[in-house]
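# Reading the structure
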Amino acid sequence: MDTNNHIEQLQAGRKAMQATGKSPRQVGYERTKKALHWIYAWGWSTPSNIELLVGGNKSGLATRLVRRGLIKRTRTESGGGHKEVPAYVLTLTNTGVEEVVRDIAREEDLLPYQADPYRINQALLRHDNMVQTATIKALLNGDITDYRTPAQLAEVSKAGVKQPDALWISQGEGFTHRLAIEIELSPKWNRHLDRTISAYVNALAGEERRFDQVMFISESPAIIDRYRNAFSPGRKYYFWKKDQQGNWVTNGSDTVPAEVSERVICQHVQPRY
């Protein structure tokens, strides 16, 4: 360990706490609450995302919460063999869930938390980790004031309604802006693409408008161009159903309204290696 660097980190941490007027115990308590509520909302998280969220600067918060029996640390199948695929995931224990639920005042904010880390979809780890990291950075940068996870959105919407990867909320005096986030790592085709178009036409301009805008984010320029074209004004998309043989067939079509096109953002991001 670099002793001088460690001392500098400790001194910086003390100065930050002094500036807030809070004791180390108060700061630690708030960081613990923030971490537990984050994991509760997303289902799981990672040590690096928790450190980023609480501004701990490698404080070892996750390790301490494991020791206290509030969270579990489970190695993933890939073991972090790819950038942004976590080596470990953090989930709440039953005690951790109880700690979070104690703070929840409204019934609608309760979630059916799944505490088994082995039921996490390993195929989506990189995707879902990127969604969490992007949301934390948006919060820290002041780009948004709040967020909703797919689990939170599912609890308050109709069954079968498509949920975005995250909902970013910006609130100010007299306004609330709701931005749906979709991170796309692989292209959608045929009915899967059409269903996405149809879902967001309804969500952005339907009778029950749910979002003000949607942002599609991808590392692939081709995927970004695909969504930009898919949501161009007047672009035809199809509805699908199963025929008597159980095959998917088209069942009518519609076109993308100009007002929807204006509310779609397509953003290319550089991949991290």
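Just so it is clear, the structure is predicted and the values come from calculations on it, not from any experiment.

## Let's talk about the sheet that holds strand β9 (residues 264-268)
Taken in spatial order, the 5 strands of this open sheet run β3-β4-β5-β6-β9, and their pairing is mixed. The open sheet terminates on both sides in strands that have one partner only, identified here as β3 (146-148) and β9. Strand after strand, the sheet turns through a mean of 25 degrees between neighbouring axes, direction not considered. Sheet analysis places strand β6 (residues 213-218) next to β9, joined by 5 bridges and oriented parallel. From the neighbouring strand, S218 faces β9, where its bridge partner is H268. Contacting β6 and β9, helix α9 (residues 221-230) runs over the sheet at an angle of about 170 degrees to β9.

## Comments concerning the layout of surface pockets
Reported here for the second largest pocket is a volume of approximately 900 Å³. Counting residues per element, the lining of the second largest pocket draws most heavily on helix α6 (residues 125-140), which supplies 4 residues. The residue makeup of the lining of the second largest pocket, split by class, is 16 nonpolar, 9 polar and 9 charged.

## Quick word on the side chain of R191
Mapped onto the elements of the fold, R191 is located in helix α8 (residues 190-205). No salt bridge forms around the buried R191; measuring N to O, its nearest opposite-charge neighbour D194 is 9.2 Å away. Beyond its immediate stretch of four places on either side in the chain, R191 contacts W240 and W248.

## Considerations on the pattern of salt bridges
Once their charged atoms are close, side chains differing in charge can pair, the charge on each being opposite to the other. The tally for this structure, following the rule as stated, stands at 13 salt bridges. The partner of K33 in a salt bridge is D103, with the nearest N and O atoms 3.0 Å apart. Of this pair, K33 sits in helix α2 (residues 24-42) while D103 is found in the loop between α5 (94-101) and α6, placing the two residues 70 residues apart along the sequence. Looking at K33, the relative accessible area reads 12%, which means it is buried. Judged by its relative accessible area of 37%, D103 falls in the partly exposed class. Close ionic contact of R106 with E108 constitutes a salt bridge, the shortest N to O distance being 3.5 Å. Residue classification places R106 among the partly exposed residues on the basis of a relative accessible area of 45%.

## A look at the nonpolar core
Membership of the largest hydrophobic core comes to 35 residues, with the highest contact counts inside it found for I71, L92 and I181. In terms of residues, this core owes the most to one element, α2, which gives 7 residues. Excluding residues that lie within four positions of it along the chain, I71 makes contacts with L36, I39, A62, L65, V66, L90, T91, L92 and T93. By size, the runner-up hydrophobic cluster in this structure holds 23 residues, among which are I169, I223, V256 and V264.

## Some words on the packing of α2 against α5
With their axes 10 Å apart at the nearest point, α2 and α5 run at an angle of 105 degrees to one another. The angle between α2 and α5 falls in the class roughly perpendicular. For the pair α2 and α5, the contacting residues are K33, L36, H37 and Y40 in the first and V97, E99, V100 and V101 in the second. Of the residues belonging to the contact of α2 with α5, the class tally is 5 nonpolar, 1 polar and 2 charged.

## Describing the packing of helix α3 (residues 47-54) against α6
Orientation of α3 relative to α6, taken along the N-to-C sense of each, is 10 degrees, at an axis distance of 10 Å. By the criterion of interaxial angle, the relationship of α3 to α6 is roughly parallel. In contact with N49, L52 and L53 of α3, α6 contributes N129, Q132, T133, I136, K137 and L140. Of the residues belonging to the contact of α3 with α6, the class tally is 4 nonpolar, 4 polar and 1 charged.

## Quick notes on the confidence of the model for the protein chain
Across the protein chain, the average pLDDT comes to 89, with 88% of residues at 70 or higher. Predicted confidence for residues 6-11 stays below pLDDT 50, and this span has 2 contacts to residues more than four positions away or in other chains.

## Notes on the packing of aromatic side chains
To describe a pair of aromatic rings, you give the distance between the ring centres and the angle between the ring planes. Following the criterion strictly, the structure yields 9 aromatic pairs and no others. Relative to F216, the ring of Y200 lies with its centre 5.8 Å away and its plane at 80 degrees, an arrangement referred to as edge-to-face. With Y200 in helix α8 and F216 in strand β6, this residue pair connects regions lying 16 residues apart in the sequence. Exposure class is identical for Y200 and F216. Each is buried. Ring geometry for F216 against Y227: centres 4.2 Å apart, planes inclined by 10 degrees, an arrangement best described as stacked. Taken as a pair, F216 in strand β6 and Y227 in helix α9 lie far apart in primary sequence, 11 residues in all.

Calculation rules
Residues numbered from 1 in each chain as written. Predicted model: local features only at pLDDT ≥ 70, side-chain atom pairs only at ≥ 80, totals over all residues. Heavy atoms only, no water. Pairing = 2+ DSSP bridges. Helix = DSSP H or I, 4+ residues; strand = E, 2+ residues; numbered from the N terminus. Axes fitted to C-alpha atoms, helices over the stretch in contact; angles between N-to-C directions. Contact = heavy atoms within 4.5 Å. 1 Å grid on protein atoms, 1.4 Å probe; cavity = no way out; pocket = protein on both sides within 12 Å on 5 of 7 lines; lining within 4 Å. Points joined across faces, edges and corners; volume = space filled by probe spheres on them. Nonpolar A, V, L, I, M, F, W, Y, C, P; charged D, E, K, R; others polar. Buried < 20%, exposed > 50% of the residue type's maximum accessible area, 1.4 Å probe, protein only. Lys, Arg positive; Asp, Glu negative; His and termini not counted. Salt bridge = Lys/Arg side-chain N within 4 Å of Asp/Glu carboxyl O. Core = buried A, V, L, I, M, F, W, Y, C linked by side-chain atoms within 4.5 Å. Parallel < 35°, antiparallel > 145°, perpendicular 65-115°, else oblique. pLDDT = per-residue confidence, 0-100. Phe/Tyr/Trp six-rings, centres within 6.5 Å; stacked < 30°, edge-to-face > 60°.

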